Amino acid sequence: MKIIHLSDIHIHSESILEHNPIGRFSLALDHIKNNHLDSDMLIITGDIPHHGDLASYKKFDEIFTKANLPDRLNPKLLIGNHDDREIFKNYFTKTPTDKNGFVQYDIEIDDRRFLFLDTIKANSHAGHYCEKRQSWLENKLDESYKKNQNVYILMHHNPFPLVKLKSDLIGLVDRNQFKSIISNYKNIIKHIFFGHQHITVSGNYLGIPFSSPRSINHPLVPNFANDYRLGSADTDPCYNIVL
C-alpha cells in the first residue's frame, strides 16, 4: 500500500515567512499528479488553513478540485491547532466525527485499520487528548486487537518530545496517557503519522515506527535548546511517501 502524507499547508491569502502557501500547495499537488498517481491514499494531518477561516477552507477545496486527482486520492483530513473544529465540520461535512463531536474516525481496508485522531483544543497550540477521546482510541484499538488487524495512527501533534521535554511546549500535553494506551497495543500498531513541528523526522517510539513531513509551506528547524523557540529555515518543503 502506498500512502501520500502531507501536513501543515497553512492556506493563507498572504505570504508566510516569505513563502506563498497557495502556490506551494498547488506545486505539491502537481508533483503528486506527475509522480504518484499509483498511490492508494492521501492523508493531510492538519493545519489546513493558517487562521482557521472559512475562506481558506474554500480556497483549499478549490485548489484540490482543480488538481483533478483520482477519486481514491480524495484527501483524508485531520485538524491541527491552526484549524477551527466547528468551521471545519460545517464545511467538510463528509469527514466523519465521533459521538462527542470530535473529528475522529477510522477506515478499515482489508486487515488494516487507520485511526484518525483529533488532538486540538481551542485557543491552544499544544496538543490535547481528553478522556473522551482517549476512550474512543482505546475502544478502537481493542476492536482491532480482537480482529487481528494492523493499526495505523494518524494525528496532528507529536505525541512525544522530538528533542527535549523542557522545550516541547506545543507537543501533546496528554503524552503520558497516550503512551499508556498505545503501550498496551504496540504489537498491532504499525506506524504513527503526525505533523505540527514542520520538520522531517522518523524513527520508532515504544518500538512503533513513526514519521512526520515538513510543512508544505514553511519548514522549521529542530530545537536543541532547553527553552521553547521556533526557528525557520530556508529549506525545501516536502511531503512523505510511505510504502
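For the structure given in this document, a descriptive report is provided here. Keep in mind that this is a model prediction, so the values were computed, not measured. (Residues numbered from 1 in each chain as written. Predicted model: local features only at pLDDT ≥ 70, side-chain atom pairs only at ≥ 80, totals over all residues. Heavy atoms only, no water.)

This paragraph deals with the packing of helix H4 (residues 131-147) against helix H5 (residues 175-183). Remark: H4 packs on H5, axes separated minimally by 10 Å, with the N-to-C direction vectors making an angle of 15°. Relative to H5, the element H4 lies roughly parallel. In the crossing of H4 with H5, the sense of the turn from one axis to the other is right-handed. Residue-level contacts link Gln134, Leu137, Glu138 and Leu141 of H4 to Gln177, Phe178 and Ile181 of H5. Along the lines of polarity and charge, the residues of the contact of H4 with H5 split into 4 nonpolar, 2 polar and 1 charged. (Axes fitted to C-alpha atoms, helices over the stretch in contact; angles between N-to-C directions. Helix = DSSP H or I, 4+ residues; strand = E, 2+ residues; numbered from the N terminus. Parallel < 35°, antiparallel > 145°, perpendicular 65-115°, else oblique. Left-handed = near helix turned anticlockwise from the far one by under 90°. Contact = heavy atoms within 4.5 Å. Nonpolar A, V, L, I, M, F, W, Y, C, P; charged D, E, K, R; others polar.)

As a volume, the largest pocket reaches approximately 510 Å³. Taken together, the elements giving at least two residues each to the lining of the largest pocket come down to helix H2 (54-67), strand S3 (76-78) and strand S4 (105-109). Tallied by class, residues from the lining of the largest pocket come to 10 nonpolar, 5 polar and 5 charged. (1 Å grid on protein atoms, 1.4 Å probe; cavity = no way out; pocket = protein on both sides within 12 Å on 5 of 7 lines; lining within 4 Å. Points joined across faces, edges and corners; volume = space filled by probe spheres on them.)

For the rest of this paragraph, the subject is the environment of leucine 172. Relative to the elements of secondary structure, leucine 172 occurs in the loop between strand S6 (150-154) and H5. Judged by relative accessible area, leucine 172 falls into the buried class, the value being 0%. (Buried < 20%, exposed > 50% of the residue type's maximum accessible area, 1.4 Å probe, protein only.)

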